[in-house]
Amino acid sequence: MKSVYMDNNATTMIAEEVLSAMNRVSHLFGNPSSMHACGREASKAVEHARRQVAELIGAGEDEIIFTSGGTESDNTVFSLARELIDSGSPRNRIVTSVIEHPAIIETCKYLGTKGYKIDFAPVDRTGKVDLGQLQNLIDDDVLLVSIMMGNNETGTIQDIEAISAMAKSNGALFHTDAVQAIGKLFIDVHALNIDYLSLSAHKFYGPKGVGALYVRKGAPFETYVKGGHQEEGRRAGTYNTQSIVGLGEAARLASESLEEERTKLWAMRERLREGILTSIPNVTVNGHPSDCLPGTLNVSFSSAEGESILLMLDLNGIAVSTGSACATGSLEPSYVLLASGLDIELAHGSIRFSLGRYNTFEDVDYVLETLPPIIKRLRGISTR
Ligand SMILES: Cc1ncc(COP(=O)(O)O)c(C=O)c1O
(Lines give C-alpha, C1' and ligand atoms only; values in the text may rest on other atoms or scores of the structure.)
Protein backbone atom coordinates (compact mmCIF):
# COMPACT_ATOMS: atom_id res chain seq x y z
CA MET A 1 0.00 0.00 0.00
CA LYS A 2 1.17 3.51 -0.77
CA SER A 3 2.12 5.57 2.25
CA VAL A 4 1.45 9.31 2.18
CA TYR A 5 2.35 11.59 5.07
CA MET A 6 0.32 14.81 4.98
CA ASP A 7 0.60 15.84 8.62
CA ASN A 8 3.62 18.10 8.38
CA ASN A 9 2.10 20.76 10.65
CA ALA A 10 2.14 18.16 13.44
CA THR A 11 5.77 17.36 12.77
CA THR A 12 8.12 16.78 9.87
CA MET A 13 10.54 14.03 8.94
CA ILE A 14 14.14 14.88 9.78
CA ALA A 15 15.98 15.84 6.58
CA GLU A 16 18.86 13.55 5.54
CA GLU A 17 21.17 16.56 5.55
CA VAL A 18 20.13 17.33 9.14
CA LEU A 19 20.79 13.75 10.25
CA SER A 20 24.23 13.84 8.58
CA ALA A 21 25.08 17.14 10.26
CA MET A 22 24.02 15.69 13.62
CA ASN A 23 26.05 12.53 13.02
CA ARG A 24 29.10 14.59 12.09
CA VAL A 25 29.13 16.07 15.59
CA SER A 26 28.27 12.88 17.48
CA HIS A 27 31.88 12.69 18.72
CA LEU A 28 31.60 16.18 20.28
CA PHE A 29 30.61 14.94 23.71
CA GLY A 30 32.32 17.79 25.55
CA ASN A 31 30.18 20.22 27.50
CA PRO A 32 30.06 23.37 25.35
CA SER A 33 30.40 25.43 28.53
CA SER A 34 33.71 23.75 29.47
CA MET A 35 36.89 25.71 28.91
CA HIS A 36 39.06 22.84 27.64
CA ALA A 37 39.50 21.87 23.98
CA CYS A 38 36.76 19.23 24.14
CA GLY A 39 34.26 21.82 25.32
CA ARG A 40 35.48 24.53 22.96
CA GLU A 41 35.00 22.28 19.94
CA ALA A 42 31.40 21.54 20.96
CA SER A 43 30.83 25.22 21.63
CA LYS A 44 32.06 26.05 18.11
CA ALA A 45 29.38 23.74 16.68
CA VAL A 46 26.67 25.36 18.84
CA GLU A 47 27.74 28.87 17.80
CA HIS A 48 27.79 27.87 14.13
CA ALA A 49 24.18 26.68 14.51
CA ARG A 50 23.27 29.96 16.19
CA ARG A 51 24.55 31.86 13.14
CA GLN A 52 22.51 29.61 10.83
CA VAL A 53 19.31 30.23 12.82
CA ALA A 54 19.98 33.97 13.02
CA GLU A 55 20.50 34.16 9.25
CA LEU A 56 17.16 32.47 8.55
CA ILE A 57 15.22 35.27 10.25
CA GLY A 58 17.57 38.22 9.70
CA ALA A 59 18.57 38.38 13.38
CA GLY A 60 21.90 38.99 15.08
CA GLU A 61 23.57 35.93 16.62
CA ASP A 62 23.32 37.40 20.10
CA GLU A 63 19.54 37.69 19.62
CA ILE A 64 19.04 33.89 19.46
CA ILE A 65 18.43 31.82 22.59
CA PHE A 66 18.21 28.04 22.22
CA THR A 67 15.25 26.40 23.96
CA SER A 68 13.56 23.00 24.06
CA GLY A 69 11.05 24.05 21.37
CA GLY A 70 8.09 26.24 20.56
CA THR A 71 6.24 25.64 23.82
CA GLU A 72 9.18 26.74 25.95
CA SER A 73 9.89 29.75 23.73
CA ASP A 74 6.27 30.88 24.05
CA ASN A 75 6.24 30.29 27.81
CA THR A 76 9.47 32.24 28.21
CA VAL A 77 7.81 35.33 26.75
CA PHE A 78 4.70 35.07 28.93
CA SER A 79 6.80 34.39 32.01
CA LEU A 80 8.83 37.52 31.32
CA ALA A 81 5.64 39.54 30.86
CA ARG A 82 4.42 38.20 34.19
CA GLU A 83 7.67 39.17 35.91
CA LEU A 84 7.55 42.68 34.45
CA ILE A 85 3.97 43.10 35.65
CA ASP A 86 4.87 41.69 39.08
CA SER A 87 7.73 44.14 39.38
CA GLY A 88 5.31 47.03 39.06
CA SER A 89 5.26 47.87 35.35
CA PRO A 90 2.54 50.49 34.73
CA ARG A 91 1.63 48.39 31.72
CA ASN A 92 -0.16 45.36 33.09
CA ARG A 93 -2.31 43.95 30.29
CA ILE A 94 -1.55 41.30 27.64
CA VAL A 95 -3.32 41.10 24.30
CA THR A 96 -3.36 37.93 22.25
CA SER A 97 -5.84 36.21 19.92
CA VAL A 98 -8.47 33.47 20.18
CA ILE A 99 -6.70 31.23 17.66
CA GLU A 100 -3.23 30.96 19.21
CA HIS A 101 -1.65 27.55 19.80
CA PRO A 102 -2.41 25.95 23.22
CA ALA A 103 1.17 26.84 24.26
CA ILE A 104 -0.15 30.41 24.41
CA ILE A 105 -3.91 30.04 24.96
CA GLU A 106 -3.49 27.72 27.94
CA THR A 107 -0.69 29.84 29.40
CA CYS A 108 -2.90 32.91 29.10
CA LYS A 109 -5.88 31.14 30.66
CA TYR A 110 -3.63 30.14 33.56
CA LEU A 111 -2.39 33.71 33.96
CA GLY A 112 -6.02 34.82 33.89
CA THR A 113 -6.78 32.55 36.86
CA LYS A 114 -3.93 34.24 38.74
CA GLY A 115 -5.48 37.65 38.23
CA TYR A 116 -3.46 38.90 35.25
CA LYS A 117 -5.39 40.92 32.67
CA ILE A 118 -5.52 39.16 29.32
CA ASP A 119 -7.60 40.10 26.27
CA PHE A 120 -8.21 37.83 23.31
CA ALA A 121 -8.68 39.50 19.93
CA PRO A 122 -11.34 37.86 17.73
CA VAL A 123 -10.82 36.65 14.16
CA ASP A 124 -12.96 36.93 11.04
CA ARG A 125 -14.40 34.09 8.94
CA THR A 126 -11.00 33.49 7.27
CA GLY A 127 -9.19 33.26 10.61
CA LYS A 128 -7.56 36.69 10.28
CA VAL A 129 -7.29 38.75 13.43
CA ASP A 130 -9.73 41.62 13.13
CA LEU A 131 -7.36 44.60 13.02
CA GLY A 132 -10.05 47.11 14.04
CA GLN A 133 -10.97 45.10 17.12
CA LEU A 134 -7.31 44.48 17.92
CA GLN A 135 -6.63 48.21 17.72
CA ASN A 136 -9.48 48.80 20.19
CA LEU A 137 -7.83 46.38 22.63
CA ILE A 138 -4.40 48.00 22.51
CA ASP A 139 -4.04 50.97 24.81
CA ASP A 140 -1.21 52.47 26.85
CA ASP A 141 -1.73 49.89 29.62
CA VAL A 142 -0.74 47.00 27.30
CA LEU A 143 2.63 45.44 28.00
CA LEU A 144 2.68 42.66 25.44
CA VAL A 145 0.88 41.86 22.21
CA SER A 146 1.33 38.26 21.04
CA ILE A 147 -0.14 37.18 17.71
CA MET A 148 0.94 34.09 15.80
CA MET A 149 2.34 34.37 12.28
CA GLY A 150 0.64 31.36 10.65
CA ASN A 151 -2.04 29.18 12.19
CA ASN A 152 -1.30 25.49 12.69
CA GLU A 153 -4.85 24.36 11.86
CA THR A 154 -6.07 26.61 9.05
CA GLY A 155 -2.75 27.99 7.80
CA THR A 156 -4.11 31.56 7.89
CA ILE A 157 -1.26 34.09 7.89
CA GLN A 158 -1.67 37.22 10.00
CA ASP A 159 -0.68 40.69 8.90
CA ILE A 160 2.31 40.76 11.23
CA GLU A 161 3.76 44.02 9.88
CA ALA A 162 0.55 45.94 10.62
CA ILE A 163 0.04 44.25 13.98
CA SER A 164 3.59 44.87 15.19
CA ALA A 165 3.27 48.51 14.07
CA MET A 166 0.04 48.77 16.07
CA ALA A 167 1.71 47.31 19.17
CA LYS A 168 4.84 49.42 18.88
CA SER A 169 3.00 52.67 18.22
CA ASN A 170 1.23 52.10 21.54
CA GLY A 171 4.51 51.37 23.31
CA ALA A 172 3.80 47.64 23.77
CA LEU A 173 6.21 44.76 23.20
CA PHE A 174 5.42 42.44 20.29
CA HIS A 175 5.82 38.65 20.21
CA THR A 176 4.94 36.29 17.38
CA ASP A 177 4.73 32.51 17.47
CA ALA A 178 6.27 31.71 14.09
CA VAL A 179 6.54 27.96 14.72
CA GLN A 180 4.43 27.10 11.65
CA ALA A 181 5.69 29.92 9.45
CA ILE A 182 9.40 29.22 9.72
CA GLY A 183 10.83 27.74 6.55
CA LYS A 184 7.62 28.57 4.66
CA LEU A 185 7.60 32.37 4.73
CA PHE A 186 10.38 34.89 4.28
CA ILE A 187 10.90 36.48 7.70
CA ASP A 188 13.05 39.48 8.61
CA VAL A 189 12.57 40.17 12.31
CA HIS A 190 14.08 43.62 12.15
CA ALA A 191 12.05 44.75 9.14
CA LEU A 192 8.89 43.41 10.81
CA ASN A 193 9.77 45.17 14.06
CA ILE A 194 9.37 42.01 16.14
CA ASP A 195 10.63 41.93 19.76
CA TYR A 196 10.27 38.19 20.37
CA LEU A 197 9.77 35.28 17.96
CA SER A 198 9.31 31.58 18.75
CA LEU A 199 10.47 28.77 16.48
CA SER A 200 10.77 24.99 16.71
CA ALA A 201 13.12 22.67 14.76
CA HIS A 202 10.74 19.73 14.29
CA LYS A 203 8.32 21.78 12.19
CA PHE A 204 10.96 22.35 9.50
CA TYR A 205 12.77 19.04 9.15
CA GLY A 206 14.91 19.33 12.27
CA PRO A 207 14.92 17.19 15.42
CA LYS A 208 12.26 17.29 18.12
CA GLY A 209 12.83 18.93 21.50
CA VAL A 210 14.87 21.89 20.31
CA GLY A 211 13.92 25.38 19.21
CA ALA A 212 14.83 28.99 19.71
CA LEU A 213 13.53 32.30 20.90
CA TYR A 214 14.58 35.45 19.10
CA VAL A 215 14.89 38.36 21.53
CA ARG A 216 15.53 41.75 19.96
CA LYS A 217 18.69 43.35 21.27
CA GLY A 218 17.62 45.75 24.01
CA ALA A 219 14.19 44.18 24.55
CA PRO A 220 13.39 43.39 28.19
CA PHE A 221 14.23 39.85 29.20
CA GLU A 222 13.85 37.67 32.28
CA THR A 223 15.18 34.13 32.48
CA TYR A 224 12.46 31.48 32.51
CA VAL A 225 14.51 28.28 32.95
CA LYS A 226 16.79 29.20 35.84
CA GLY A 227 20.00 27.47 36.84
CA GLY A 228 23.44 27.55 35.20
CA HIS A 229 24.97 30.34 33.15
CA GLN A 230 24.32 28.93 29.68
CA GLU A 231 23.05 31.30 26.99
CA GLU A 232 24.65 34.16 28.92
CA GLY A 233 22.34 33.48 31.83
CA ARG A 234 19.24 33.68 29.65
CA ARG A 235 18.37 29.96 29.57
CA ALA A 236 19.92 27.40 31.88
CA GLY A 237 20.62 23.75 31.07
CA THR A 238 23.51 21.92 29.43
CA TYR A 239 23.48 22.40 25.67
CA ASN A 240 21.97 19.63 23.57
CA THR A 241 24.82 19.96 21.06
CA GLN A 242 23.60 17.44 18.49
CA SER A 243 20.03 18.72 18.37
CA ILE A 244 21.16 22.34 18.22
CA VAL A 245 23.41 21.45 15.28
CA GLY A 246 20.37 19.77 13.69
CA LEU A 247 18.32 22.93 14.18
CA GLY A 248 21.10 24.97 12.58
CA GLU A 249 21.30 22.71 9.55
CA ALA A 250 17.50 22.72 9.21
CA ALA A 251 17.64 26.53 9.22
CA ARG A 252 20.39 26.53 6.58
CA LEU A 253 18.36 24.20 4.35
CA ALA A 254 15.24 26.34 4.82
CA SER A 255 17.12 29.52 3.86
CA GLU A 256 18.50 27.79 0.77
CA SER A 257 15.23 26.36 -0.57
CA LEU A 258 12.53 28.66 0.80
CA GLU A 259 11.27 30.19 -2.44
CA GLU A 260 11.40 26.99 -4.47
CA GLU A 261 9.72 25.02 -1.72
CA ARG A 262 7.00 27.57 -1.18
CA THR A 263 6.10 27.51 -4.88
CA LYS A 264 5.94 23.71 -4.98
CA LEU A 265 3.94 23.43 -1.76
CA TRP A 266 1.37 25.96 -2.96
CA ALA A 267 1.04 24.19 -6.33
CA MET A 268 0.43 20.83 -4.61
CA ARG A 269 -1.99 22.41 -2.15
CA GLU A 270 -3.95 24.02 -4.97
CA ARG A 271 -4.10 20.76 -6.93
CA LEU A 272 -5.46 19.08 -3.82
CA ARG A 273 -7.97 21.86 -3.12
CA GLU A 274 -9.25 22.00 -6.71
CA GLY A 275 -9.38 18.20 -6.94
CA ILE A 276 -11.42 17.91 -3.75
CA LEU A 277 -13.82 20.67 -4.79
CA THR A 278 -14.45 19.12 -8.20
CA SER A 279 -14.85 15.53 -7.01
CA ILE A 280 -16.76 15.98 -3.73
CA PRO A 281 -19.92 18.08 -3.20
CA ASN A 282 -20.63 20.15 -0.08
CA VAL A 283 -17.07 20.93 0.91
CA THR A 284 -16.02 24.09 2.76
CA VAL A 285 -12.44 25.29 2.54
CA ASN A 286 -11.43 26.84 5.86
CA GLY A 287 -8.90 29.61 6.40
CA HIS A 288 -7.84 32.47 4.17
CA PRO A 289 -7.97 31.78 0.42
CA SER A 290 -4.59 33.38 -0.35
CA ASP A 291 -2.91 34.47 2.91
CA CYS A 292 -2.32 30.88 3.88
CA LEU A 293 0.73 28.79 4.71
CA PRO A 294 1.65 27.19 1.39
CA GLY A 295 1.24 23.52 2.41
CA THR A 296 -1.85 23.77 4.60
CA LEU A 297 -5.34 22.87 3.40
CA ASN A 298 -8.15 22.67 5.95
CA VAL A 299 -11.47 21.44 4.61
CA SER A 300 -14.82 20.53 6.14
CA PHE A 301 -17.08 17.84 4.74
CA SER A 302 -20.74 18.11 5.69
CA SER A 303 -22.36 14.95 7.13
CA ALA A 304 -19.02 13.25 7.77
CA GLU A 305 -17.04 13.10 11.03
CA GLY A 306 -13.42 14.24 10.83
CA GLU A 307 -12.25 11.33 13.01
CA SER A 308 -13.94 8.75 10.76
CA ILE A 309 -12.38 10.33 7.67
CA LEU A 310 -8.99 10.35 9.38
CA LEU A 311 -9.24 6.67 10.36
CA MET A 312 -10.35 5.59 6.88
CA LEU A 313 -7.58 7.57 5.24
CA ASP A 314 -5.16 5.98 7.69
CA LEU A 315 -6.37 2.52 6.63
CA ASN A 316 -5.35 3.57 3.13
CA GLY A 317 -1.88 4.70 4.23
CA ILE A 318 -2.66 8.44 4.35
CA ALA A 319 -1.76 10.41 7.50
CA VAL A 320 -3.72 13.64 8.17
CA SER A 321 -5.14 15.48 11.20
CA THR A 322 -8.48 16.71 12.45
CA GLY A 323 -8.92 19.86 14.47
CA SER A 324 -10.59 18.00 17.32
CA ALA A 325 -8.91 17.69 20.66
CA CYS A 326 -8.64 13.89 20.34
CA ALA A 327 -5.71 13.86 22.71
CA THR A 328 -7.97 14.81 25.57
CA GLY A 329 -10.49 12.16 24.60
CA SER A 330 -13.15 14.86 24.45
CA LEU A 331 -13.48 15.07 20.66
CA GLU A 332 -14.39 18.72 21.08
CA PRO A 333 -14.47 20.47 17.72
CA SER A 334 -11.57 22.77 16.87
CA TYR A 335 -11.66 26.02 18.86
CA VAL A 336 -9.84 27.68 15.96
CA LEU A 337 -12.59 26.82 13.47
CA LEU A 338 -15.37 27.70 15.92
CA ALA A 339 -13.68 31.05 16.64
CA SER A 340 -13.66 31.68 12.88
CA GLY A 341 -17.45 31.28 12.87
CA LEU A 342 -17.68 27.82 11.36
CA ASP A 343 -20.78 25.95 12.52
CA ILE A 344 -20.26 23.10 14.92
CA GLU A 345 -21.20 20.34 12.46
CA LEU A 346 -18.72 21.55 9.85
CA ALA A 347 -16.07 21.99 12.54
CA HIS A 348 -16.60 18.32 13.44
CA GLY A 349 -16.14 17.34 9.80
CA SER A 350 -12.83 19.12 9.28
CA ILE A 351 -9.60 17.60 8.05
CA ARG A 352 -6.20 19.26 7.88
CA PHE A 353 -3.91 18.22 5.07
CA SER A 354 -0.44 19.64 5.67
CA LEU A 355 1.98 19.03 2.87
CA GLY A 356 5.73 19.21 3.21
CA ARG A 357 9.07 19.03 1.44
CA TYR A 358 8.87 15.30 0.78
CA ASN A 359 5.38 15.20 -0.70
CA THR A 360 4.93 14.75 -4.43
CA PHE A 361 2.16 15.47 -6.92
CA GLU A 362 1.64 11.67 -7.04
CA ASP A 363 0.83 11.81 -3.32
CA VAL A 364 -1.80 14.44 -4.04
CA ASP A 365 -3.29 12.31 -6.81
CA TYR A 366 -3.40 9.28 -4.50
CA VAL A 367 -5.37 11.32 -1.93
CA LEU A 368 -7.69 12.53 -4.69
CA GLU A 369 -8.37 8.91 -5.73
CA THR A 370 -8.85 7.66 -2.18
CA LEU A 371 -10.85 10.43 -0.51
CA PRO A 372 -14.08 10.73 -2.60
CA PRO A 373 -15.26 7.11 -2.04
CA ILE A 374 -14.51 7.47 1.69
CA ILE A 375 -16.66 10.61 1.98
CA LYS A 376 -19.43 8.99 -0.09
CA ARG A 377 -19.42 5.93 2.16
CA LEU A 378 -19.43 7.96 5.38
CA ARG A 379 -22.21 10.20 4.14
CA GLY A 380 -24.17 7.08 3.19
CA ILE A 381 -24.17 5.89 6.79
CA SER A 382 -24.43 9.33 8.39
CA THR A 383 -27.48 10.02 10.52
CA ARG A 384 -27.01 13.77 10.21
C1 LIG B 1 1.89 27.40 16.27
C2 LIG B 1 2.59 26.47 17.21
N3 LIG B 1 3.16 26.99 18.32
C4 LIG B 1 3.82 26.22 19.20
C5 LIG B 1 3.91 24.86 19.01
C6 LIG B 1 4.65 24.04 20.03
O7 LIG B 1 5.93 23.72 19.55
P8 LIG B 1 6.75 22.49 20.18
O9 LIG B 1 6.11 21.25 19.67
O10 LIG B 1 8.16 22.68 19.67
O11 LIG B 1 6.69 22.64 21.65
C12 LIG B 1 3.32 24.27 17.89
C13 LIG B 1 3.34 22.81 17.69
O14 LIG B 1 2.40 22.22 17.21
C15 LIG B 1 2.64 25.12 16.96
O16 LIG B 1 2.05 24.62 15.88
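Here the structure is shown first, and the text comes after it.
This one's a predicted model, so the numbers in the text were calculated from it and none came from an experiment.

**Q** How do you make sense of the overall build of the protein chain when you look at a structure like this?
**A** Each helix and strand counted, the protein chain has 11 helices and 12 strands in total. Seen through its principal axes, the protein chain has C-alpha atoms that stretch 65 × 50 × 35 Å. A total of 384 residues make up the protein chain; the buried ones form 57% of that total. A sequence separation of at least 24 residues applies to 74% of the contacts in the protein chain between residues at least 6 apart. Working note: accessible area of the protein chain is about 15800 Å², and carbon and sulfur atoms make up 54% of it. For the protein chain, the distance from the average site of its 35 positive side-chain charges to the average site of its 48 negative ones is 2 Å.

**Q** What should I look at first to understand the packing of aromatic side chains in this one?
**A** Here the structure, examined in full by the defined rule, presents one aromatic pair. For the pair Y205 and Y358, a centre-to-centre distance of 5.5 Å together with 85° between the ring planes defines the contact as edge-to-face. Separated by 153 residues along the polypeptide, Y205 in the loop between β7 (196-200) and β8 (211-215) and Y358 in the loop between β12 (350-354) and α11 (361-381) bring together distant segments of the chain. With a relative accessible area of 5%, Y205 lands in the buried category.

**Q** What's the story with the site of the ligand in this structure? I'm lost.
**A** The immediate surroundings of the ligand are formed by 13 residues, with T71, D177, Q180, S200 and K203 found nearest. In this structure, an oxygen atom belonging to the ligand sits 3.2 Å away from a side-chain N or O atom of H101. Contact distances for the ligand include 2.6 Å between a nitrogen atom and a side-chain N or O atom of D177. For the ligand, the protein covers 85% of the area, taking 390 Å² as the surface of the free molecule. For the shell around the ligand, the element with the most residues is helix α3 (residues 70-86), which contributes three residues. For the shell around the ligand, the class distribution of residues is two nonpolar, eight polar and three charged.

**Q** Please clarify how the pattern of salt bridges should be interpreted in this entry.
**A** A side chain of one charge can pair with a side chain of the opposite charge when the charged atoms of the two come close. Within the structure shown, the criterion is met by 22 salt bridges. We note a salt bridge from E231 to R50, for which the minimum N-O separation is 2.7 Å. With E231 in the loop between β8 and α7 (241-279) and R50 in helix α2 (residues 37-57), the pair connects residues that are 181 residues apart, well separated along the chain. In this structure E231 comes out as buried when scored by relative accessible area, which is 4%.

**Q** Whenever I open this one, α2 confuses me. Can you help?
**A** Under the 1.5 Å per step criterion, the end-to-end length of α2 is 31 Å for 21 residues, consistent within 8% with the ideal 30 Å. For α2, the complete set of buried residues consists of G39, A42, A45, V46, A49, R50, Q52, V53, A54, L56 and I57. If you follow the buried residues of α2, they end up packed against β2 (64-67), β7, β8 and α7. Remark: G58 follows α2 within two positions and exhibits a positive phi of approximately 70°.

**Q** Honestly, the nonpolar core in this entry has me stumped. Any pointers?
**A** A general trend in soluble globular proteins is that nonpolar side chains are found buried together. Ranked by internal contacts, the top residues of the largest apolar core, which has 57 residues, are I57, V145, M149, I187, L197 and F204. One finds I276, I280, F353 and L368 within the second-largest nonpolar core, a separate group that totals 28 residues.

The rules we used
- Residues numbered from 1 in each chain as written.
- Predicted model: local features only at pLDDT ≥ 70, side-chain atom pairs only at ≥ 80, totals over all residues.
- Heavy atoms only, no water.
- Helix = DSSP H or I, 4+ residues; strand = E, 2+ residues; numbered from the N terminus.
- Buried < 20%, exposed > 50% of the residue type's maximum accessible area, 1.4 Å probe, protein only.
- Contact = heavy atoms within 4.5 Å.
- Areas by Shrake-Rupley, 256 points an atom, 1.4 Å probe, with all protein chains shown as cover.
- Lys, Arg positive; Asp, Glu negative; His and termini not counted.
- Charge placed at Lys NZ, Arg CZ, Asp CG, Glu CD.
- Phe/Tyr/Trp six-rings, centres within 6.5 Å; stacked < 30°, edge-to-face > 60°.
- Near = heavy atom within 4 Å.
- Polar contact = N/O pair within 3.5 Å; in protein donor to acceptor, adjacent residues only side chain to side chain.
- Nonpolar A, V, L, I, M, F, W, Y, C, P; charged D, E, K, R; others polar.
- Salt bridge = Lys/Arg side-chain N within 4 Å of Asp/Glu carboxyl O.
- Expected span 1.5 Å × (residues − 1).
- Core = buried A, V, L, I, M, F, W, Y, C linked by side-chain atoms within 4.5 Å.

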